[in-house]
Amino acid sequence: IGLVKTANIKSRKNARPGDLICVTDNLGESALGLKIILEKLIRDADALELVRRHHRPTPNLNEGAFLSEFSGVHAMMDTSDGIALDLPRIISESKCGARIDVEKIPRSALLTRVCKNIGFDSHELVLTGGEDYKLLVTVDPAEIDLVQSEFERKFHRPLSVIGEIFEAPNKVQFALNGSPYPPENLGFQHFQS
């Protein structure tokens, strides 16, 4: 179904202690769009735009191809099931641990505004919401400035650092402004009833 240069393959198993964890775009919009549909919430222009984004996500295919060219990018995968589920897949295969600073996960003004209007926690959405199809990437800290500046030059938005990989196999920590932040759920789990 496609071709890739062997040298550019970025699997889940190549994250290294010290790597910075990044995401390529805002998260949580698809999950909030789905919540609006399922719970029959507000139907103003903002809500309808989130529903549209749920039905028509924009996968970061070009961003993935671009980032794969950098040797300092070690591991990469999409956020189809949400960071709370997808990050453990990276650290399990890489045999390390990770810390996420939830307040650093990028979110749009649209998502923030609608969450405030309906009284919903945007932190929970950006951490556990899936189907945005953005990318979760680990980057060598010695190359982060180059990767971020080139990414922003090409895509006109930041490559956001949201955490770090460390040496503690299969341990994931979520913090909000320095305090532990356990998500209420882990997001969508395939084949679970």
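To be clear, the structure that these remarks concern was listed above.
Reading guide: rules and limits
- Residues numbered from 1 in each chain as written.
- Predicted model: local features only at pLDDT ≥ 70, side-chain atom pairs only at ≥ 80, totals over all residues.
- Heavy atoms only, no water.
- Buried < 20%, exposed > 50% of the residue type's maximum accessible area, 1.4 Å probe, protein only.
- Helix = DSSP H or I, 4+ residues; strand = E, 2+ residues; numbered from the N terminus.
- Pairing = 2+ DSSP bridges.
- Expected span 1.5 Å × (residues − 1).
- Core = buried A, V, L, I, M, F, W, Y, C linked by side-chain atoms within 4.5 Å.
- Contact = heavy atoms within 4.5 Å.
- Polar contact = N/O pair within 3.5 Å; in protein donor to acceptor, adjacent residues only side chain to side chain.
- Phe/Tyr/Trp six-rings, centres within 6.5 Å; stacked < 30°, edge-to-face > 60°.
- Lys NZ or Arg CZ within 6 Å of the ring centre and 35° of its normal.

With that settled, consider the pairing of strand 2 (residues 73-78). Counted residue by residue, strand 2 has five buried out of six residues, so it is predominantly covered. In this structure, strand 2 lies alongside strand 4 (residues 135-139), joined through five bridges in antiparallel fashion. Opposite Ala75, over in strand 4, you have Thr138 as the bridge partner.

Next up on the list: helix 4 (residues 83-94). The terminal C-alpha atoms of helix 4 lie 16 Å apart, and with twelve residues this matches the ideal 16 Å at 1.5 Å per residue to within 8%. Three or more residues of helix 4 are buried, namely Ile83, Ala84, Leu85, Asp86, Leu87, Ile90, Ile91 and Ser94. Immediately beyond the C-terminal end of helix 4, within one or two residues, lies Lys95, with a positive phi of roughly 60°.

With 35 residues, the main nonpolar core has Ile83, Ile100, Ile105 and Leu136 as its most contacted residues. Ranked by the residues each element gives to this core, the list is headed by helix 4, at five residues. Setting aside residues up to four positions removed in sequence, Ile83 forms contacts with Val23, Leu27, Pro88, Ile100, Ile105, Val126, Leu127, Leu136 and Ile162. Judged by nonpolar contacts, the second largest core, of 15 residues, contains Phe70, Val73, Ile144 and Phe151.

Right, let's talk about the pairing of strand 1 (residues 20-23) for a bit. Along strand 1, one buried face is formed by Leu20 and Cys22 and the opposite face, lined by Ile21 and Val23, is buried too. Inspection of the sheet shows strand 1 paired to strand 5 (residues 160-166) by four bridges, in the antiparallel sense. Of the residues in strand 5, the one forming a bridge with Cys22 is Val161.

The residue Asp25 is located in the loop between strand 1 and helix 1 (29-38) in this model. With 82 residues separating them in the primary sequence, Asp25 and Arg107 have C-alpha atoms 7.9 Å apart. Non-local contacts of Asp25, meaning those with residues more than four positions away in its chain, are made with Asn60, Pro106, Lys134 and Arg157. Engagement of the side chain of Asp25 in a polar contact is seen with the side chain of Arg157, the distance being 3.4 Å.

What follows covers the packing of aromatic side chains. Inspection of every chain in the model, using the stated rule, returns three aromatic pairs. Consider the rings of Phe66 and Phe155, whose centres lie 5.5 Å apart with planes at 85°: the pair is edge-to-face. Placement of Phe66 in helix 3 (residues 61-67) and of Phe155 in helix 7 (residues 144-155) is noted, with a sequence separation of 89 residues between them. Pair check on accessibility: Phe66 and Phe155 agree, each one buried. A centroid spacing of 4.9 Å and a plane angle of 45° characterise the contact between Phe151 and Phe155, whose relative ring orientation is tilted. Placement of both Phe151 and Phe155 in helix 7 is noted, with a separation of four residues, approximately one turn of the helix. On the basis of relative accessibility, which here comes to 0%, the residue Phe151 falls in the buried class. For Phe155, a relative accessible area of 15% gives the class buried. Clustering of aromatic rings is evident, with ring pairs tying together Phe66, Phe70, Phe151 and Phe155. We note Lys154 situated over the ring of Phe155; from NZ or CZ to the ring centre the distance is 5.9 Å.

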